[in-house]
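Topology and contacts: notes
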Amino acid sequence: DAMVIQNPRYQVTQFGKPVTLSCSQTLNHNVMYWYQQKSSQAPKLLFHYYDKDFNNEADTPDNFQSRRPNTSFCFLDIRSPGLGDAAMYLCATSKSGSVGFEQFFGPGTRLTVL
Amino acid sequence: TQLLEQSPQFLSIQEGENLTVYCNSSSVFSSLQWYRQEPGEGPVLLVTVVTGGEVKKLKRLTFQFGDARKDSSLHITAAQPGDTGLYLCAGAQGAQKLVFGQGTRLTINP
């Protein structure tokens, strides 16, 4: 089945220690997104890639970076995690030109910062 | 910035009851999606509505898009414990981004 895969599902890091979260997709969608979601809140968009073009949200901290080496993979780098960065991180994909602009989400990575 | 307001934010009912969740905005959306999210998992797409006045049914779930494409509702008939979760509505904002409502935390008690 075509899907969005996130690894790891759970990540524990120390305060200030860089961490990388990964996302891969078999849907062949050209748009990929990273969201941050805190407890019982709506997902908050951090940035997205439209093909190779990177689009950062204005309020995304500089601490968050992303890489998309190819169509299938996308990475979220947190350079110096703080306690406030503990959250669920969701990767999503969509296909440009689709009628409904649907996004398809991965299962998420739960990040804990000690 | 377009905003979506969901209500209620929390709802706890008994198995077998009916319920409706609302998603409202002052802005027009080209499409609107409903997602259900279970604890520790990502949101799962339930439905997309595109046309004003459109009604879609998914088993016991009925989704409606307002005539002016500014609002939507989700109605669940004879709720079951498996319906428990966080329900999110999201409207298409521009070509590639979604704006999410705050979510409705639904609990169905056996």
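The notes below deal with the structure included here. (Residues numbered from 1 in each chain as written. Chains lettered and ligands numbered in written order. Predicted model: local features only at pLDDT ≥ 70, side-chain atom pairs only at ≥ 80, totals over all residues. Heavy atoms only, no water.)

Digging into the state of the cysteines
Here, the word disulfide means a covalent bond between the sulfur atoms of two cysteines. Using the criterion set out here, one finds 2 disulfides over all chains in the structure. The side chain of Cys 23 of chain B participates in a disulfide bridge whose partner is Cys 89 of chain B; the two sulfur atoms lie 2.0 Å from each other. Disulfide Cys 23 of chain B-Cys 89 of chain B: torsion about the S-S bond near 75°, hence right-handed. Within this pair, whereas Cys 23 of chain B is found in strand S3 (residues 19-24), its partner Cys 89 of chain B is found in strand S9 (residues 85-93), the two being separated by 66 residues in sequence. Each member of the pair, Cys 23 of chain B together with Cys 89 of chain B, is buried. The cysteine Cys 74 of chain A is free of any disulfide, with Cys 91 of chain A supplying the nearest cysteine sulfur at 6.0 Å. On the accessibility criterion, Cys 74 of chain A (1% relative accessible area) is buried. (Disulfide = S-S within 2.5 Å. Helix = DSSP H or I, 4+ residues; strand = E, 2+ residues; numbered from the N terminus. Buried < 20%, exposed > 50% of the residue type's maximum accessible area, 1.4 Å probe, protein only.)

Details of the pattern of salt bridges
Pairing of side chains with opposite charge becomes possible as their charged atoms draw close. Evaluated as defined, the whole model comprises 6 salt bridges over all chains. For Asp 59 of chain A, the salt bridge identified is with Lys 44 of chain A, shortest N-O distance 3.4 Å. Of this pair, Asp 59 of chain A sits in the loop between strand S6 (53-56) and strand S7 (64-67) while Lys 44 of chain A is found in strand S5 (residues 44-50), placing the two residues 15 residues apart along the sequence. Residue Asp 59 of chain A is classed as exposed on the basis of its relative accessible area, which comes to 51%. Among the salt bridges present, the one from Glu 57 of chain A reaches Lys 97 of chain B, with a minimum N-O distance of 3.0 Å. In this pair, Glu 57 of chain A sits in the loop between S6 and S7 while Lys 97 of chain B sits in strand S10 (residues 97-100), so the two residues belong to two different chains. Residue classification places Glu 57 of chain A among the buried positions, given a relative accessible area of 17%. (Salt bridge = Lys/Arg side-chain N within 4 Å of Asp/Glu carboxyl O.)

None of this, on its own, says anything about what the molecule does.
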